[in-house]
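Notes for the structure review
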Amino acid sequence: QVQLVESGGGLVQPGGSLRLSCAASGNIFTIYAMGWYRQGPGKQRELVADISRGGTTNYANSVKGRFTISRDNVKNTVYLQMNSLKPEDTAVYYCNGDIKRSWMDGSHNYWGQGTQVTVSS
């Protein structure tokens, strides 16, 4: 069994910052790409940022220059530092991981339960 658990969401004023964390635990052999997605009210889930095991990053245009994704491969944790937050960043943020549970298996996609981020004055 593999679990992804997010933390760090909350209410913040426009222009403020938050740092999200997502820790993977359970039967893990290797974690490949990890990423953050979000789903705003009445919107489809969209990619915010992802990061390869080697540290190559990719960002949605809407968050470039404001958000930074990073990971700690020892702790099996991915982070999302969010600065200069805007009301349109309000969404449930989900962690995603491409995880291999044993050397024999292929990798599978896992999701966290989501954490709410609300940007409002």
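Refer to the preceding data block for the structure.
A tally of helices and strands in the protein yields zero helices and 11 strands. Along its sequence from the N terminus, the protein presents helices and strands in the succession β-β-β-β-β-β-β-β-β-β-β. Scaling as 2.2 N^0.38, a compact globule of 121 residues should have a C-alpha radius of gyration of about 14 Å, and the protein matches this with 14 Å. Within the span of the protein, comprising 121 residues, buried residues form 41% of the whole. Counted over contacts in the protein with a minimum sequence separation of 6, partners at least 24 positions apart contribute 56%. When the accessible area of the protein is evaluated, it comes to approximately 6,400 Å², of which 47% is carbon and sulfur surface. Mean positive and mean negative side-chain charge positions of the protein (12 and 8 charges, respectively) differ by 2 Å.

Looking now at the pairing of strand β7 (residues 67-72). Only one face of β7 is covered, namely the one carrying F67, I69 and R71; the face carrying T68, S70 and D72 has none of its residues buried. By the bridge criterion, six bridges tie β7 to strand β8 (residues 77-82) in an arrangement that is antiparallel. Considered in β8, the bridge of T68 is made with Q81. In textbook terms, the turn of a hairpin is the stretch between consecutive antiparallel strands, and for β7 and β8 this stretch comprises four residues, one of which, N76, has a positive phi near 55 degrees.

What follows covers a nonpolar patch on the surface. Taken together, the side chains of F29, W103 and M104 present a nonpolar region at the surface, about 440 Å² in accessible area. As for its position among the elements, W103 is in the loop between β9 (91-100) and β10 (107-111). Classification of W103 by relative accessible area gives exposed; the value is 64%.

Moving on: the pattern of salt bridges. Going through the model one piece at a time under the given rule, you end up with three salt bridges. Close ionic contact of R38 with E46 constitutes a salt bridge, the shortest N to O distance being 2.8 Å. Taking the shortest distance from any N to any O, the salt bridge between D89 and R38 comes out at 2.9 Å. On the criterion of sequence distance, the pair formed by D89 in the loop between β8 and β9 and R38 in strand β4 (residues 30-39) is long-range, its members being 51 residues apart. Take D89: its relative accessible area is 0%, and that puts it in the buried class. The exposure class assigned to R38 is buried, which follows from its relative accessible area of 6%. Put simply, R38, E46, R66 and D89 are held in one network by salt bridges that share partners.

The rules we used
Residues numbered from 1 in each chain as written. Predicted model: local features only at pLDDT ≥ 70, side-chain atom pairs only at ≥ 80, totals over all residues. Heavy atoms only, no water. Helix = DSSP H or I, 4+ residues; strand = E, 2+ residues; numbered from the N terminus. Rg over C-alpha atoms; globule rule 2.2 N^0.38 Å. Buried < 20%, exposed > 50% of the residue type's maximum accessible area, 1.4 Å probe, protein only. Contact = heavy atoms within 4.5 Å. Areas by Shrake-Rupley, 256 points an atom, 1.4 Å probe, with all protein chains shown as cover. Lys, Arg positive; Asp, Glu negative; His and termini not counted. Charge placed at Lys NZ, Arg CZ, Asp CG, Glu CD. Pairing = 2+ DSSP bridges. Patch = residues over 30% accessible without salt bridge, like charges linked within 9 Å, V, L, I, M, F, W, Y side chains within 5 Å. Salt bridge = Lys/Arg side-chain N within 4 Å of Asp/Glu carboxyl O.

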